[in-house]
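Coordinate analysis (summary)
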Amino acid sequence: MAPRRKKKLPETPVAATIESLSHDGRGIARLDGKTTFIDNALPGEEVMFKFTYRRRKFDEGRAVEILSPSPDRVTPPCEHAGLCGGCSLQHVAPERQIARKQAVLEEQLAHFGGLAPERWLDPLTGPVTGYRAKARMGVKYVEGRGETLVGFREKRNSFIADLRQCEVLIPEVGHRFMDFRALIDGLEGRSRIPQIEVARGDGPVALIVRHMDPLSESDQQRLLTFCQQSEFHLYLQPGNESTVHRVWPEQGEERLYYRHADPRYPQADVELAFHPTDFTQVNSDINRQMVPLALDLLEIAPDHQVLDLFCGLGNFTVPAARRAARVVGVEGSKAMVRRGYENARRNGLDNLEFHAWDLFQAPQGQSWAQRRYDRVLLDPPRSGALEMVRLMPQFGARRLVYVSCNPATLARDAGELVSRGYRLKAAGVMDMFPHTAHVESIAVFDRD
């Protein structure tokens, strides 16, 4: 039997009225009763669009002409906004982006948990360009064109976009895509380099170059010279993440660092070190606001015992130890536990401890889980913290702060907490990822 041919998409643009915005930032229209998701379209707009996919239950398209623009529409800061898949909301005014994110959180809390906070926190906002200090850039040498592409994937496909620059990356990297392209073009092993990872704290930029085959001496020298001239730290990755090693500078610890400083609590200043491959927040400005906000919301007293779940390298744990009698951090990664202790020593703190445990299973026999705490902080991945949330009553904490990167799992877990005697005191959003549909949020729960 011959394979079914894919139906050809219509070439002629179609008119549509945009009714609402999807959670991933696409306009939603209904044509003959069928839902159509349209890129580059905003609620209230009349647009002409072309179909990009047609499915049985819904269609997809992209607006090619805006007949009646929304007052929320702005000119994207990046010339590649229509092509690159890294951002989906650059055509929306930043203040409307954050308002939409709060609306998403409100909808999720109501839908999954039947909840609303007693009060809404003011949104945390910061710079909307040049904010991203950690990213993985794809690299592809295109034989037919005789040149290299460096950057991010195109919208809704796996091809690396033809980008000259990126406005959300830190300028030291985002404004130098053409330099990176020329660098890779000049390497003998250019076709075997799939990725460049970038990381920066408060100091230098680190580049991690992934290479599938051993690099020739001349290629290593070209990379070294480029990084020395740019004052980048150079790391090479010949295999999996465990093979990452620093090439330059040759001396000193393989760590970057960032500081937490709060003018209201000068005694609480800390410096946290991290390896370029460690998980850290990509938006340092929002992180500097988020950490003191979370600790203020916890209302930590000097005699309090605090539990920090999904603690990572100590982003909240170490600053909390400046305020509390003792802080216990728990993290699934043993490497992050080691990093947590490094950061405790770095800041001269001995009133905290770190434990490695898979927080998606019951902590049977774990000493930290047998104790009582005054305060608990959770900062889980997108899948949430359902297993730990169910244990909250046994920890005895009267206040809990939950930092979330997924409003759906936050809402689900909030419902579990309320069913166990907690009240949703406050909630709010943080603009950790401007121009994207990602929603970072924070919620406070109390128990009498």
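Residues numbered from 1 in each chain as written. Predicted model: local features only at pLDDT ≥ 70, side-chain atom pairs only at ≥ 80, totals over all residues. Heavy atoms only, no water.

Per an unreviewed UniProt entry, the recorded name for the protein chain is 23S rRNA (uracil(1939)-C(5))-methyltransferase RlmD, and the organism is Alloalcanivorax balearicus MACL04. According to UniProt, the comment filed for the protein chain under the heading Catalytic activity (unreviewed entry) is "uridine(1939) in 23S rRNA + S-adenosyl-L-methionine = 5-methyluridine(1939) in 23S rRNA + S-adenosyl-L-homocysteine + H(+)". (UniProt positions renumbered as here; feature names shortened; annotations may be inferred.)

On to the packing of helix α1 (residues 94-113) against helix α10 (residues 407-419), then. Following both chains from N to C, one finds α1 and α10 inclined at 40 degrees, their axes separated by 8 Å at the closest point. Put simply, α1 runs oblique to α10. Two packed elements cross with a definite hand, and for α1 against α10 that hand is right-handed. Across the interface between the two elements, Val-104, Leu-105, Gln-108, Leu-109, Phe-112 and Gly-113 from α1 touch Pro-407, Ala-408, Leu-410, Ala-411, Arg-412, Ala-414 and Gly-415 from α10. For the contact of α1 with α10, the per-class residue count stands at nine nonpolar, three polar and one charged. (Axes fitted to C-alpha atoms, helices over the stretch in contact; angles between N-to-C directions. Helix = DSSP H or I, 4+ residues; strand = E, 2+ residues; numbered from the N terminus. Parallel < 35°, antiparallel > 145°, perpendicular 65-115°, else oblique. Left-handed = near helix turned anticlockwise from the far one by under 90°. Contact = heavy atoms within 4.5 Å. Nonpolar A, V, L, I, M, F, W, Y, C, P; charged D, E, K, R; others polar.)

What follows concerns the sheet that holds strand β2 (residues 20-21). Strand order in the open sheet made by the six strands is β1-β5-β6-β4-β3-β2, with mixed pairing throughout. The sheet is open, and its two edges are formed by β1 (14-17) and β2, each paired on a single side. The sheet contact formed by strand β3 (residues 27-31) and strand β4 (residues 34-39) spans five bridges and is antiparallel. Residue pairing in the sheet places Gly-27 in a bridge with Ile-38 of β4. (Pairing = 2+ DSSP bridges.)

Under the definition given, this model contains 41 salt bridges. Between Glu-79 and Arg-164 there is a salt bridge whose closest N-O contact spans 2.8 Å. In this pair, Glu-79 is assigned in the loop between β6 (58-68) and α1 and Arg-164 in the loop between β9 (147-151) and α2 (171-174), connecting sequence segments 85 residues apart. Arg-323 is the salt-bridge partner of Asp-296, the closest N and O atoms lying 2.8 Å from each other. On the criterion of sequence distance, the pair formed by Asp-296 in helix α5 (residues 284-298) and Arg-323 in the loop between α6 (317-321) and β17 (326-331) is long-range, its members being 27 residues apart. Exposure remark for Asp-296: the relative accessible area of 25% places this residue in the partly exposed category. Relative accessible area serves as the criterion here: at 14%, Arg-323 is assigned to the buried category. Several salt bridges converge on common partners, so that one network encompasses Asp-24, Arg-26, Arg-55 and Glu-60. (Salt bridge = Lys/Arg side-chain N within 4 Å of Asp/Glu carboxyl O. Buried < 20%, exposed > 50% of the residue type's maximum accessible area, 1.4 Å probe, protein only.)

So, about the side chain of Ser-88. Structurally, the position occupied by Ser-88 is in the loop between β6 and α1. Of note is the side chain of Ser-88, whose polar atom sits 3.5 Å from the backbone oxygen of Asp-24. Sequence-distant contacts of Ser-88, that is, excluding residues within four places in its chain, are made with Asp-24, Gly-25, Lys-155, His-435, Thr-436 and Ala-437. (Polar contact = N/O pair within 3.5 Å; in protein donor to acceptor, adjacent residues only side chain to side chain.)

What follows deals with the UniProt feature "binding site: S-adenosyl-L-methionine" (unreviewed entry) in the protein chain. Within this numbering scheme, the UniProt entry marks Gln-281, Phe-310, Asn-315, Glu-331, Asp-358 and Asp-379 as carrying the feature "binding site: S-adenosyl-L-methionine" (unreviewed entry). Along the polypeptide, Asn-315 turns up in the loop between β16 (305-309) and α6. We classify Asn-315 as buried; its relative accessible area is 10%. Leaving out residues up to four positions away in the same chain, Asn-315 has contacts with Tyr-258, His-260, Leu-272, Gln-281, Asn-287, Met-290 and Val-291. Here Tyr-258 takes part through its side chain, which lies 2.8 Å from a polar atom of the side chain of Asn-315.

Next up on the list: unusual backbone geometry. Along the chain, Trp-248 connects to Pro-249 via a cis peptide bond; the corresponding omega equals 0 degrees. If you check the backbone angles, Phe-310 has positive phi at about 60 degrees while not being a glycine. Tracing the backbone shows Phe-310 in the loop between β16 and α6. Phi at His-435 takes a positive value of approximately 75 degrees, unusual for a residue other than glycine. Structurally, the position occupied by His-435 is in the loop between β21 (423-430) and β22 (440-446). Classification of His-435 by relative accessible area gives buried; the value is 3%.

This part takes up the UniProt feature "active site" (unreviewed entry) in the protein chain. UniProt records the feature "active site" (unreviewed entry) at Cys-405, using the numbering of this structure. If you trace the backbone, Cys-405 turns up in the loop between β20 (399-404) and α10. Given a relative accessible area of 22%, Cys-405 falls into the partly exposed group. The residues touching Cys-405, leaving out its near neighbours within four places in the chain, are Pro-380, Pro-381, Arg-382, Val-439 and Glu-440.

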